[in-house]
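# Remarks on the overall topology
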Amino acid sequence: MARFLITLPGRADGGRGARPAFPDSVTDLRQAFGPFDHLAQVGRAAEIAGFHGALAPFDPEGDESLVVAAGLLRQSRRLRTVAGFHPGIATPVYAAKVSASLQRFSGDRLDWRLAVDLDPAVARAQGDFLEGPDRYARAEEFLTVAKGVWSEEDYTYEGRFYQVLAGGFQSPLAGRAFPRVHLSGTSKEALELSARHADVHVFDPEDDIEAASPPGVAYGLRLPVLARDDDDEAWEAARRLWTRGGRTAESLPDPDPRTRLWRGFRPSGSPGALPGASLRNGLVGSFETVAAGIRDYIDRGVGVFFLEATPYIEETYRLGERLLPLLTKEGVRVR
Amino acid sequence: MSVDIYWRVGTHGDQPSLRRRVVSRGEWAPVVPGSLAPGVRDGERDDYSYVEHMGDVARASEISGFVGGLLPSFPNTDDPWATAATLARETTTYRFMIAFQPGFLHPVQAARMSASLQRATGGRLVYNIISGGGGPDQLWWGDKVEHDDRYARTSEFLDVLRGVWNGGPFDFDGRFYKVEGAGLPEGLAGQPFPEIYFSGSSRAAIDAAGRHADYYLSWLEPFHALTEKFDQVRANSDRTPKFAVRIDVLARETEEEAWDEIRRGWDNIDPTVLRGATGDSIGWQRSQSFVTGAVNGYRDLEVTPNVWGGFHLLRGGPAFGLVGSYGQVAERLDELINLGVGAFILAGVPHLEEAYRVGENVLPLLRGHDLRIDSPLLEGTPS
């Protein structure tokens, strides 16, 4: 079966903003509402709406994803949570240690989305000055060591980037499921890394999936969606989304006639996304139209969908009630 | 000024008492009938995780009047960042004191995690920064930096962490860390900076504490030794931190009851336990030096009244703690307050039940700075 995950807001409040005051004539019992109150609601929505999981993206402009993931895992029973981060955040031993506890606390529902190919300025601001293929070499070592200490007692490693002597987790930290590893990128190095370490290789909608397919790995897709009762209503919503950013209605792009992809989604929560980064492709239309677009991807072998839709709470419910039921029979061919 | 009193959370399981060194909370020992979190139901292991129990300890601490709890970090403990983030929304005033070693996380990542935790908790994060006990454990973590260098790294780590905390752009080019155009984003920037409890007994640690610590945190030692240590910190820093002490307490209605509890534990000690842990931690070496003379019974480890150096034999962790009646334990804590201690991290086994006991019976007896001491303990102090 194809699996559907929602993408969480990079910043926990999801850009929801302040709640306007009520007039004095209206009883107002509202208490302070923190950013993580919003996030908790999104997570609950995803759990209740039947999503397989939620992605807490690595967003340098947003909240830290392992902290976000921990909170979400705590408030859910079934939802998997994918935490996005880059290999420079910690030693692989420590990243694995934090994750081992989260697996213990959540019943093995944490997954990793490793952002390797950061924008260089973003990387330097995170204290990471590695460039080019070295970043993949380090990610390779990072994953090797993390998996090594996870599964072997008395683990020793001597590499270019990391060293461990007589390491490795013991019971009860040992023996949990290692987080499913999500990687991405279409370069030779990226695909080689995925072939060795990924459980899921995550593509963008416009990628040539067939040309770049690491063997033995499930395919994932980041997919912004805007789905409504009918196509007209969806395009009306797309127009509003487009003009809210200060653009004119006349400049509204048309969808690609062949792929149905509309390049009008604003970037949100993508690894290393910068303000002003280019617009993103996604699907717009009735629930049936969007489901048909998703079916095309399933036919191309995609099995894991990271749907992106805002506002987060409302769209998560909407997609759970209206889109996912159309796809319950799909995905038998999924790799 | 009021004294902040924390209560420790066991991040590697807990025993039901000090009487027998058997873990039954958390699966650091085999899960059998009678184990809790996880436990056994209808012959099968249930799906409760140890974090359920840690959450209970945190709630018990909050209810009993502790301002928060220390979450320790060792190779085979649950991780304090993961624990705090998991339990963030399950208490309201409880402060999470996260123990961590600066070498393991990048300071920008530590800043991001901390700021998000501040947002998740409403500013209830506190740091216990450890620069490493050394020995085999450091290499277990994949950390090869030598003892004194670890304090230099800690200094750089905190410089970068503070540098990015209120936003950027912040540049830094040091021995251990380099960043360019760094800074927490809007929304994360400008959260309250966590208070820093700084551990370490070596000269390098004390130097670094003077620069960075809000509180210089020590294990309990005989009071004259603590006084010397505090004097050393005062003498070696322009900016004197406040002092904090981490203390196990075993307090009962009467002194006899308290010592009887110790006796029961002592009678069950496995002799191999006496050959304990090692490390290049100066704190550990110091704690070994306070017991002189033959140890023929548990009272031989009572180095000064109510200060007992055998806790490490009854459970994992430091050696010294207080044993006595509620009133005696409160008096010893008051004496420490008068020696300049501004915060305590107390602990007792089992942590859940003892949080209630100490909160209900010991904390209400504290008189703090009002006490005018005329204590025999403070006389005859070697100078």
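Procedures and definitions
- Residues numbered from 1 in each chain as written.
- Chains lettered and ligands numbered in written order.
- Predicted model: local features only at pLDDT ≥ 70, side-chain atom pairs only at ≥ 80, totals over all residues.
- Helix = DSSP H or I, 4+ residues; strand = E, 2+ residues; numbered from the N terminus.
- Expected span 1.5 Å × (residues − 1).
- Buried ≥ 20, exposed ≤ 12 C-beta atoms within 10 Å, placed from the backbone.
- Arc of directions from axis to C-beta.
- Contact = placed C-beta atoms within 7 Å.
- Axes fitted to C-alpha atoms, helices over the stretch in contact; angles between N-to-C directions.
- Parallel < 35°, antiparallel > 145°, perpendicular 65-115°, else oblique.
- Nonpolar A, V, L, I, M, F, W, Y, C, P; charged D, E, K, R; others polar.

You'll find chain B entered in an unreviewed UniProt entry as Alkanesulfonate monooxygenase, with Streptosporangium canum given as the organism.

Under the annotation held in an unreviewed UniProt entry, chain A carries the name Alkanesulfonate monooxygenase and is attributed to Streptosporangium canum.

### Side note on helix α7 (residues 231-244) of chain A
For an α-helix, the turn length of 3.6 residues means that residues three or four places apart are oriented alike. Residues and elements named next belong to chain A. In this model α7 runs 20 Å from its N-terminal to its C-terminal C-alpha over 14 residues, within 8% of the 20 Å that 1.5 Å per residue would give. Buried residues of α7: A234, A238 and W242, and no others. With its buried residues spanning 80° around the axis, α7 presents them on a single face. Summarising the geometry of α7, the exposed residues directed more than 90 degrees from the buried face are D232, E236, R240 and R244. In this structure, the buried side of α7 is in contact with β9 (218-228), β10 (261-265) and β11 (280-286). Immediately downstream of α7, the backbone of G246 shows phi near 90°, a positive value.

### Description of helix α11 (residues 326-338) of chain B
Residues and elements named next belong to chain B. The end-to-end C-alpha distance of α11, which contains 13 residues, comes to 18 Å, matching closely the 18 Å that a straight helix rising 1.5 Å per residue would cover. Burial runs high along α11: 10 of the 13 residues are buried. Looking at α11, one finds that the buried residues are Y326, Q328, V329, A330, E331, R332, L333, D334, L336 and I337. The secondary structure elements touched by the buried residues of α11 are β11 (242-252), α8 (255-267), β14 (321-325), β15 (341-347) and α12 (351-361). Trailing α11 by a residue or two, G340 shows a phi angle of about 110°, which is positive.

### Some points on the packing of helix α5 (residues 133-151) of chain A against helix α6 (residues 188-197) of chain A
All names here are of chain A. Direction vectors running N to C along α5 and α6 enclose 5°, while the axes themselves pass 10 Å from each other. The angle between α5 and α6 falls in the class roughly parallel. Here α5 contributes P133, Y136, A139, E140 and L143 to the contact with α6, which in turn contributes E189, A190, L193, R196 and H197. Along the lines of polarity and charge, the residues of the contact of α5 with α6 split into 6 nonpolar, 1 polar and 3 charged.

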